[in-house]
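Spelled out, the chains give:
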Amino acid sequence: DPMDFEWSYWIEWGRERILWLLAGHLLVSQVSRLLVEKYKPWCFMAYGMAACWLLLGIKGFAVILLHAAISFAVAQFQLSLLTWLCSLILLSTLRIPAVEEAKRKWYDTENEYYLLLFTVSVRCLFCTSFSLEYCWHGPAQKSSRSFLWMLAYVFYYPTFHNGPLMNFDEFSKQMRRQEAFNLKTNLSILIVGIIRIFFWWCLAELMIHLMYIHALYSSASPLEAVSYWALGGLALAQVLFFYVKYLVLYGIPALLLQMDGLKPPALPCCVSLMYSFTKMWRSPITFLICHFTYRYIYVPMGGSQSSLLGTLFSTALTFAFVSYWHGGQSYLWYWGALNWLGVIVENGVKRILSISLIQDLI
């Protein structure tokens, strides 16, 4: 069943080049940690830039560098609103038809253009994270928030194409921390990690080859023909595959982060263990985007600490950004609205049930 575009796309790129480039990063990482621990951020930066140039060409490399330079320049004003405006404008340039056509002409195949598109979308989040942290912490820590550190963050290769996201403060603190290098320990972490990822990959391939969940939901006629129980089963199978898929897609970068001496973001937990809509949006199952929106949108806008209307607004703004970042198509706005409604209803019911009179009745 080749209908899951994301899995087919990344597996194809992985086999062709990305896995080899990640292996190259691993080699650079271990050598730099062994010989020049103090300079490992710059070794990683140089390797990430070279890998970007190799895969995306000089024009793709220039686009990412330009985005980083513009974001850094705007961050110097130390105004969060201006930083957000800059980030949204840069993100919107990915959806201008004339710009899309011009970028397509840079490459021989559609897959190469999509790699640039996905990479730049994720890099926009990294640039925004750096710029907002710069705005919040001010010029007192300029040495740790220089343009060179921004490039080290933006071009860090294990998270380059598809995430996961680490906010800049976590990245810089961990990267500056110097630890004793133990080759034997690292080797055991690598072997165990490879075995686990290989198991998840085999499980994902087994689901793809036997269950045909994506082929079934890509056509309306089989969905109309089956019972509601079968529809529920198909929906569950779809989200379970989504979970296993991201164990692989984020398991590989997480393993490399460990090998680099960093603490990776938590991998997703099984969706079958999720019973709370709110908990799902606070858990690693939402991977790349939820921690970003929570730290940079939901909390700054007041979140659950503000009034009822403030909470509604900050939650709506969070889901609006998620929908826009994913592409902004109409079905994504419906999806965002339904997610927002689910969180609001669940929290509303929770507040009602917390009233002492209701608890006494229960």
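About the cut-offs
Here the residue numbers are simple positions, counted from 1 along each chain's written sequence. It should be noted that, the model being predicted, local features are given only for residues of pLDDT at least 70 and side-chain atom pairs only at 80 or more, the latter also being counted only at that level, while totals for whole chains, interfaces and linings use all residues. In computing side-chain values, all of the structure's heavy atoms are included and hydrogens and water are not. UniProt positions are given in the numbering used here, feature names are shortened, and annotations may be inferred rather than shown by experiment. Helix and strand definitions here come from DSSP, where helices need a minimum of 4 consecutive H or I residues and strands a minimum of 2 consecutive E residues; each element is numbered from the N-terminal end. Whenever a helix is involved, its axis is fitted only over the stretch in contact; in every case the axis is a line through C-alpha atoms, and angles between N-to-C directions fall within 0 to 180 degrees. Roughly parallel covers angles under 35 degrees, roughly antiparallel covers those over 145, roughly perpendicular covers 65 to 115, and oblique covers all other angles. Crossing chirality is assigned from the near helix's rotation relative to the far helix, an anticlockwise turn below a right angle marking it left-handed and a clockwise turn marking it right-handed. Only heavy atoms enter the contact rule, under which two residues are in contact if any of them lie within 4.5 Å. Throughout, the ten residues Ala, Val, Leu, Ile, Met, Phe, Trp, Tyr, Cys and Pro are labelled nonpolar, Asp, Glu, Lys and Arg are labelled charged, and all others, Gly among them, are labelled polar. The term salt bridge refers to a pairing of a side-chain nitrogen on Lys or Arg with a carboxyl oxygen on Asp or Glu at a separation within 4 Å. When accessible area is computed with a 1.4 Å probe and restricted to protein chains, residues below 20% of their type maximum are described as buried, those above 50% as exposed, and intermediate ones as partly exposed. Aromatic pairs are defined between Phe, Tyr and Trp rings, using the six-membered ring for Trp, whenever the two ring centres lie within 6.5 Å; interplanar angles under 30 degrees are classed as stacked, those over 60 as edge-to-face, and all others as tilted. Whether a charge lies above a ring is judged from NZ of Lys or CZ of Arg, which has to be within 6 Å of the ring centre and within 35 degrees of the ring normal.

Turning our attention to the UniProt feature "transmembrane region" (unreviewed entry) in the protein. When the UniProt feature table is mapped to this numbering, "transmembrane region" (unreviewed entry) covers residues 18–36, 43–66, 72–92, 113–132, 147–166, 187–208, 228–249 and 308–326. The distance from the first to the last C-alpha atom of residues 18–36 is 25 Å, and the span holds 95% helix and 0% strand. As a span, residues 147–166 carries 40% helix and 0% strand, and end to end its C-alpha atoms are 18 Å apart.

The next point concerns the packing of helix α2 (residues 40–75) against helix α3 (residues 80–92). Two numbers describe how α2 lies on α3: the axes approach to 9 Å, and their chain directions differ by 160°. Between α2 and α3, the crossing angle belongs to the class labelled roughly antiparallel. Helix-helix and strand crossings are classified by hand; for α2 and α3 the assignment is right-handed. Facing His67, Ile70, Ser71, Val74 and Ala75 of α2, the residues of α3 in contact are Leu82, Thr83, Cys86 and Leu90. Its residues assigned to classes, the contact of α2 with α3 shows 6 nonpolar, 3 polar and no charged.

What follows is about unusual backbone geometry. With omega at 5°, the peptide bond leading from Gly163 into Pro164 counts as cis. Its location among the elements puts Pro164 in the loop between α6 (147–154) and α7 (168–176). Located in the positive-phi region is Tyr212, a residue other than glycine, with phi close to 55°. Mapping Tyr212 onto the fold places it in the loop between α8 (183–211) and α9 (213–217).

Take the pattern of salt bridges next. Here the structure, examined in full by the defined rule, presents 8 salt bridges. Between Lys245 and Glu6 there is a salt bridge, with its nearest N and O atoms 2.9 Å apart. Taken together, the residues Lys245 in helix α11 (residues 228–259) and Glu6 in helix α1 (residues 5–35) connect sequence positions 239 residues apart. Here Lys245 falls in the buried class, since its relative accessible area comes to 3%. Judged by relative accessible area, which is 22%, Glu6 ranks as partly exposed. Via salt bridges that share partners, Asp4, Glu6 and Lys245 belong to a single interconnected network.

Using the criterion set out here, one finds 35 aromatic pairs in the structure. Plain terms: the ring middles of Tyr9 and Trp10 are 5.2 Å apart, the flat faces sit at 85° to each other, and that makes the pair edge-to-face. Residue classification places Trp10 among the buried positions, given a relative accessible area of 9%. Taking 5.4 Å as the distance between ring centres and 75° as the angle between the ring planes, the aromatic pair formed by Trp84 and Phe321 counts as edge-to-face. One end of the pair, Trp84, is in helix α3; the other, Phe321, is in helix α14 (residues 308–325), and 237 residues separate them in sequence. Both residues of the pair, Trp84 and Phe321, count as buried. Taken together through their ring pairs, the aromatic side chains of Phe44, Phe72, Phe126, Phe130, Tyr134, Phe147, Tyr153, Tyr156, Phe168 and Phe171 make up a single cluster. Stacked on the ring of Phe126, the Lys or Arg Arg123 has its end atom at 4.0 Å from the ring centre. Between the NZ or CZ atom of Arg176 and the centre of the ring of Trp149, over which it lies, the distance is 5.8 Å.

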